[in-house]
Amino acid sequence: MALGQMHADVVRRPPQQHASASYCSATTVAVFVGLCLVAVWMASSTLVSPAEFSSFHAPLWRGPTPTPAGETEGSATGDVSPVVVREGSAGEKEEPPAVSQDAVTEPTERADQLPDEEQSVQEKPDGNQQETKPDEQNVQEAEEKPDDQDQQQQRDAEVFPDAGQAELLNQTATERAPWPTQVTKSAIPQTPTVVSTFPAANYTWKLCDVEAGTDYIPCLDNVEFIRKLQHDEHYEHRERHCPEEPPTCLVPLPKGYRSPIRWPKSRDQIWYSNVPHTQLVEFKGKQNWVNLSREHLVFPGGGTQFKYGALHYIDFIQEAKKDVAWGKRTRVILDVGCGVASFGGYLFDRDVLAMSFAPKDEHEAQVQFALERGIPAISAVMGTKRLPFPGGVFDVVHCARCRVPWHIEGGKLLLELNRVLRPGGYFLWSATPVYQKKPEDVKIWEEMSALARSMCWKLVNKVFERINRKGIAIFQKPMDNRCYDARSAANPPMCGEYDNANAAWNVSLQSCMHKLPAGHPSRGSRWPEEWPLRVERPPYWLNSSEAGVYGKPAPEDFQADYEHWKRVIRNSYMEGLGIDWSAVRNVMDMKAVYGGFAAALRNMKVWVMNVVPIDSPDTLPIIYERGLLGLYHDWCESFSTYPRTYDLVHANHLFSKVKKRCELLGVIVEVDRIVRPGGTLIVRDDMETIREVESIVKSLHWEVRLSYSQDKEGLLFVQKTIWRPSSSS
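The residue count restarts for each chain, going from 1 along the sequence in the order it is written. Thresholds applied to this predicted model are a pLDDT of at least 70 for local features of residues and 80 or more for the giving and counting of side-chain atom pairs; totals over whole chains, interfaces and linings are not thresholded and use all residues. As a rule here, side-chain values come from all non-hydrogen atoms in the structure, and water together with hydrogens is ignored.

Student: So what's going on with the packing of helix H23 (residues 664-674) against helix H24 (residues 687-699)? Which residues, and what values?
Tutor: How two helices sit against one another is set out by the angle between their axes and by the gap between those axes. Relative to each other, H23 and H24 sit at 55 degrees, their axes nearing to 10 Å. The orientation of H23 with respect to H24, classified from their angle, is oblique. Considering the relative orientation of H23 and H24, their crossing is right-handed. Across the interface between the two elements, Leu664, Leu665 and Ile668 of H23 pack against Glu692, Val693, Ile696 and Val697 of H24. Each residue receives one of three labels: charged for Asp, Glu, Lys and Arg, nonpolar for Ala, Val, Leu, Ile, Met, Phe, Trp, Tyr, Cys and Pro, and polar for the others, Gly being one of them. Split into classes, the residues belonging to the contact of H23 with H24 amount to six nonpolar, no polar and one charged. Axis geometry follows a simple rule: fit a line to the C-alpha atoms, using only the stretch in contact for helices, then measure angles between N-to-C directions, giving values from 0 to 180 degrees. Runs of E in the DSSP output that reach at least two residues are strands. Runs of H or I that reach at least four are helices, and both are numbered from the N terminus. Every angle not falling under 35 degrees, over 145, or within 65 to 115 is termed oblique; those three ranges are roughly parallel, roughly antiparallel and roughly perpendicular. Less than a right angle of anticlockwise turn of the near helix away from the far helix marks a crossing as left-handed, whereas a clockwise turn marks it as right-handed. In what follows, a contact means two residues having at least one pair of non-hydrogen atoms within 4.5 Å.

Student: Hey, could you go over the packing of aromatic side chains for me, with residue numbers and the actual values?
Tutor: We call Phe, Tyr and Trp rings a pair once their centres come within 6.5 Å, taking the six-membered ring for Trp, and we label the pair stacked below 30 degrees between planes, edge-to-face above 60, and tilted otherwise. All told, the structure shown has 18 aromatic pairs when counted by the stated rule. Plain terms: the ring middles of Phe558 and Tyr594 are 6.0 Å apart, the flat faces sit at 65 degrees to each other, and that makes the pair edge-to-face. Taken together, the residues Phe558 in helix H19 (residues 554-573) and Tyr594 in the loop between strand S13 (586-589) and helix H20 (596-600) connect sequence positions 36 residues apart. Across the pair, exposure class does not vary: Phe558 and Tyr594 are buried alike. With centroids separated by 5.7 Å and ring planes inclined at 15 degrees, the aromatic side chains of Trp635 and Phe639 adopt a geometry described as stacked. Categorising residues by exposure relies on relative accessible area from a 1.4 Å probe, with only protein chains included: less than 20% of the type maximum marks a residue as buried, more than 50% marks it as exposed, and the intermediate range marks it as partly exposed. According to the relative accessible area criterion, Trp635 is buried, its value standing at 3%. Joined through ring pairs, the aromatic side chains of Trp406, Phe427, Trp429, Trp445, Trp457 and Phe475 make up one cluster. Definition used: whenever NZ (Lys) or CZ (Arg) falls within 6 Å of the ring centre and also within 35 degrees of the ring normal, the charge is taken to sit over that ring. The ring of Trp527 carries Arg329 above its face, with NZ or CZ at 3.7 Å from the centroid. The side chain of Arg373 reaches across the aromatic face of Phe299, ending 4.1 Å from its centre.

Student: Requested: an account of the state of the cysteines, with residues and values cited.
Tutor: Cysteine sulfur atoms that come within 2.5 Å of each other are treated as a disulfide pair. Inspection of every chain in the model, using the stated rule, returns five disulfides. A sulfur-sulfur distance of 2.0 Å marks the disulfide that ties Cys208 to Cys249. On the sign convention where negative means left-handed, the S-S torsion of about 100 degrees between Cys208 and Cys249 marks this disulfide as right-handed. Separated by 41 residues along the polypeptide, Cys208 in the loop between helix H8 (182-185) and helix H9 (223-226) and Cys249 in the loop between H9 and strand S3 (269-271) bring together distant segments of the chain. The same class applies to Cys208 as to Cys249, namely buried. Cys456 shares a disulfide with Cys483; S-S distance 2.1 Å.

Student: Would you mind going over the sheet that holds strand S16 (residues 646-652) in detail, with residue names and values included?
Tutor: Note on pairing: two strands pair once DSSP finds at least 2 bridges between them. The seven strands are arranged S15-S14-S13-S16-S17-S19-S18 in an open sheet whose pairing can be described as mixed. In this open sheet, the two edge strands, each paired with only one partner strand, are strand S15 (630-633) and strand S18 (703-710). Across the sheet, the axes of successive neighbouring strands diverge by a mean angle of 15 degrees, strand direction being ignored. Relative to strand S19 (residues 713-719), strand S17 (residues 675-686) runs antiparallel, the two sharing seven bridges. The residue bridging Thr680 from the neighbouring strand is Gln719, located in S19. Contacting S16 and S17, H19 runs over the sheet at an angle of about 125 degrees to S17.

Student: Explain the sheet that holds strand S10 (residues 421-430) residue by residue, including any values.
Tutor: Taken together, seven strands build an open sheet; the order of strands is S8-S7-S6-S9-S10-S12-S11 and the sheet is mixed. In the strand order of this sheet, the two ends are held by strand S8 (377-379) and strand S11 (458-465), each with one partner. Neighbour-to-neighbour, the strand axes of this sheet turn through a mean angle of 20 degrees, independent of strand direction. Relative to strand S12 (residues 470-476), S11 runs antiparallel, the two sharing seven bridges. Each bridged residue has a counterpart across the sheet, and for Glu465 the counterpart in S12 is Lys470. Set on the sheet, helix H11 (residues 310-320) makes contact with strand S9 (394-400), S10, S11 and S12; between it and S11 the angle comes to about 135 degrees.

Student: Account for the side chain of Asn481, with residues named and values stated.
Tutor: With respect to the secondary-structure elements, Asn481 resides in the loop between S12 and helix H17 (482-486). For Asn481, a relative accessible area of 13% corresponds to the buried category. Setting aside its immediate chain neighbours within four residues, Asn481 contacts Lys515 and Leu516.

In structure tokens form, the structure reads like this:
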């Protein structure tokens, strides 16, 4: 029952038969006053969220926390009310109709303090409403059993850990200085401190008036900067060029946008109205990539190199090299020039995660198709900068018919793949030079083979697949430095002593190779444990004599973080927040640390993009060692993804830190850009930051599902609506 209806039912209940006439008169006055209050409340606090985009189960309820000493209940200067509960619709249909933006009622902000009538209403187990007088309510609370109180406290702690776990909760206070960051590794100049003072409630939102329209990626669509580039032979125009000031406009929705089709059905088809691009269909239609079928874009699961299906191709690779061992030895791979990412999409059937990437180029929607399908992908290009990954983390690097000139300019691009490939890892190359005999292909193969030998890559197999009539070459990177030391000519040269292989943020490509780790237990000196054991156990190279991010010995720190997130997700995120996890596929952890949040979700039908901010402890190698995906990023800039690509975004003590470097407003606008309508944001941070975030998202018409505080720490859970402003900037 809606809250407004609930009030009306209470105040209209007739007086009891034995009541006196004076009591009836008093009741009549109370009814009149109550109706007035209800009318005012309903006019000011109604919030309509389209049923199509709701991803929640039952309404939420969470008991209030005690009022801090020295403050009165409902004080304007006190903490945000520990409970903000809003009811959502029952659930999302599998294939809902398109929703007109004009037909959606614009939500308004709801008062922090509910009317007195609502506070005196309790819900019976059967769903009926019961009126309870204030004095009766106090008696009931006093008569609660101690066991009931303990259970309630335990439920509260499940949503928000108690102060005893502060070393895991309040990361901003416990991150240890000795841990290196990308800022230090990549020699990034320190930015001045910025104090975020934005009054979000007074802001007038407008749509972004840009050439990219509904597909706007600020750092990839900076037209003004790109037009000033002197040349683009190294794909400089496809690299990141971020605006000086992050945009504060909102990206419009495509006409007829509707709630995405759910996984696994989304792997085979998506709504055309969500990604209304046909260039790739027209260009690649005969190559079995993607086809248009009425209101759907359909993905047959094939491609140029695997016309008989991605699974057939994946099994062919397994037969060509048994040691690949999909889902055991091989867990995380890099798919270069991924197309629509069908290869990565079907690797889920083999317990493998693929980080797929392609540039935002003339084919337009390759990566957007992948993300809409529910497959990990980012917009990126191998141009003049290193990829945003540490050195030696991918088990396999794959390139199917990617037209990358690996052999030119001293093999600079192939050397970048060598940097990110794990020692002993495989490079899978199935391009025309491998199997065609045209003069151009033969020449490229000879030069590529010579380059691979000079890099000490061993050609372990080259095989022709008769059904697809395609071939694949499998190269393996060495495990140690013996081959490097035995080379007659140091070409390519070894990188200098101060060239850090893990420095990846805005670092120029180098035509050199890094020395491999020597001696146990250095990272990369041996292969990780097989999946799934690697996700649970601390990496062998975490040293007990060194402190972890939170101050405990590193292996203990790792394990404590994992246990923490397993408990929070099991006891809170799975049930307590009311999320419909069947509607969640693409997840982002904006500040991942050890990847414990993603590891705790590993049995769900989701994938998690673990982001390690450039000014946070560089734990990304640990995340990859666990068999999880991630990258580096600066949250003062936009993320390299299309709009509307994530279902759930998790921010654990990120915003309080990032607002010291840039305005929090721009960061929240970026979150609004990448989250799908109906998607959710979970924020855990200090209460001052929680208040700021809540103020901004309310002005964006996001629906606040839960706001909770304890010991000056807060939890905010909000859902994005389909609302967009009507005017453009």
